[in-house]
Amino acid sequence: MKKFNVFYKNDEQSIRISNKIKNQLREASFEYNEETPDLVISIGGDGTMLRAIHQYQDILDEVAFCGVHTGSLGFYTDFLVSEVAQLLENIINQDFYTVSFNMLEVNIVEDNNTTTIHALNEARLENNKHTQVMEILIDDEHFETFRGNGLNFSTPTGSTGYNKSLGGAILHPKTKAFQVCEIAAINNIAYRTLGSPLILNQEKEVKINLRGLDGVVLGYDSYVIDLKNEYPTTNYLTFCLSDKKVTFARYKRLAFMDRVKKNFICEDL
Ligand code: NAP
Ligand code: MN
């Protein structure tokens, strides 16, 4: 991997570190290339990494990502600011292995058009204006009628993000599945939902028929879409685990469970 780009959060520390990395890799005769890099180094947080991935969504097969976290340790970022010299040495020596993670696929199906979106963490249908009614179908079979604030569909690597705050399970990234979590479901005589997170395998597809689009927001990773404005003739949406993958270049071994422990239980292992 000789062509690199640095994608950074717009703060003083991240800019300084990205300049340092750019200069040192150029000196080591790496080529700075914004269009078709084969290594993208993200400097910032997990959110910065998600935006870097979306910027290169059309060439994900050809790019690997790695990250420096300018806060505490992240889920997609392996190196702390104090470890930049080590990262540079590893990049220059091409001392790495790769891991790939499946994305989630969302289809927005309109009268005459289908738009496909991919997300690494999750996609969420939310309505903060009024409670949203939606029919949930699994593999085209009616499952339940939902009424509440929304639903979150998370990948295994996204399970430590919004999904976890919603009471979802953490899935090991090697699990080929996606998870559906309710966001403030109303349960009464008229509306009855499962009430617990649901984990589905890669062959399953969830179809959502929305009753009305007013106030519905489709969020995915760090982005949001106002469905009524942007896709006014939406008939339904589908959610499944995609074959599309994001590849990370790993320059040091940090097991997923250690990452979970370091982030959520105690920092020193
Ligand atoms: P943000 O509002 O800054 O992110 C919220 C937090 O989620 C940040 O601390 C972020 O880490 C962290 N995060 C992102 N991906 C994660 C992952 N896979 N595992 C564990 N933590 C993760 O927005 P953002 O930085 O653009 O990130 C977008 C993500 O935020 C969404 O994909 C969603 O997962 C998450 N989110 C969480 C909630 C919630 O928990 N209530 C609500 C909305 C969105 P950094 O500080 O390192 O960026
Ligand atoms: Mn963030």
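In this text the structure is predicted, and so the values were computed from the model without any measurement. (Residues numbered from 1 in each chain as written. Chains lettered and ligands numbered in written order. Predicted model: local features only at pLDDT ≥ 70, side-chain atom pairs only at ≥ 80, totals over all residues. Heavy atoms only, no water.)

Undergrad: Explanation requested: the side chain of N5 in the structure shown.
TA: Along the polypeptide, N5 turns up in strand 1 (residues 3–8). Here the side chain of N5 touches Y32 through a polar contact of 3.3 Å, side chain to side chain. The contacts of N5, once residues within four sequence positions are left out, are Y32, N33, E34, P37, L39, V40, I41 and Y56. (Helix = DSSP H or I, 4+ residues; strand = E, 2+ residues; numbered from the N terminus. Polar contact = N/O pair within 3.5 Å; in protein donor to acceptor, adjacent residues only side chain to side chain. Contact = heavy atoms within 4.5 Å.)

Undergrad: What exactly am I supposed to notice about the packing of aromatic side chains here?
TA: Two aromatic rings are characterised by how far apart their centres lie and by the angle between their planes. Applying the stated criterion across every chain yields a total of nine aromatic pairs. Ring centres of F96 and Y251 lie 5.6 Å apart, and the angle between their planes is 50 degrees; on these two criteria the pair is classed as tilted. With F96 in the loop between helix 3 (84–92) and strand 6 (97–110) and Y251 in the loop between strand 16 (234–250) and helix 6 (256–264), this pair connects stretches of sequence that are 155 residues apart. On the basis of relative accessible area, Y251 is assigned to the buried category, the value being 7%. Ring pairs connect the aromatic residues F65, Y76, F101 and F248, which therefore count as one cluster. Sitting over the ring of F30, K2 keeps its end group 4.3 Å from the ring centre. Cation over ring: R253 sits above Y97, and NZ or CZ is 4.1 Å from the ring centre. (Phe/Tyr/Trp six-rings, centres within 6.5 Å; stacked < 30°, edge-to-face > 60°. Buried < 20%, exposed > 50% of the residue type's maximum accessible area, 1.4 Å probe, protein only. Lys NZ or Arg CZ within 6 Å of the ring centre and 35° of its normal.)

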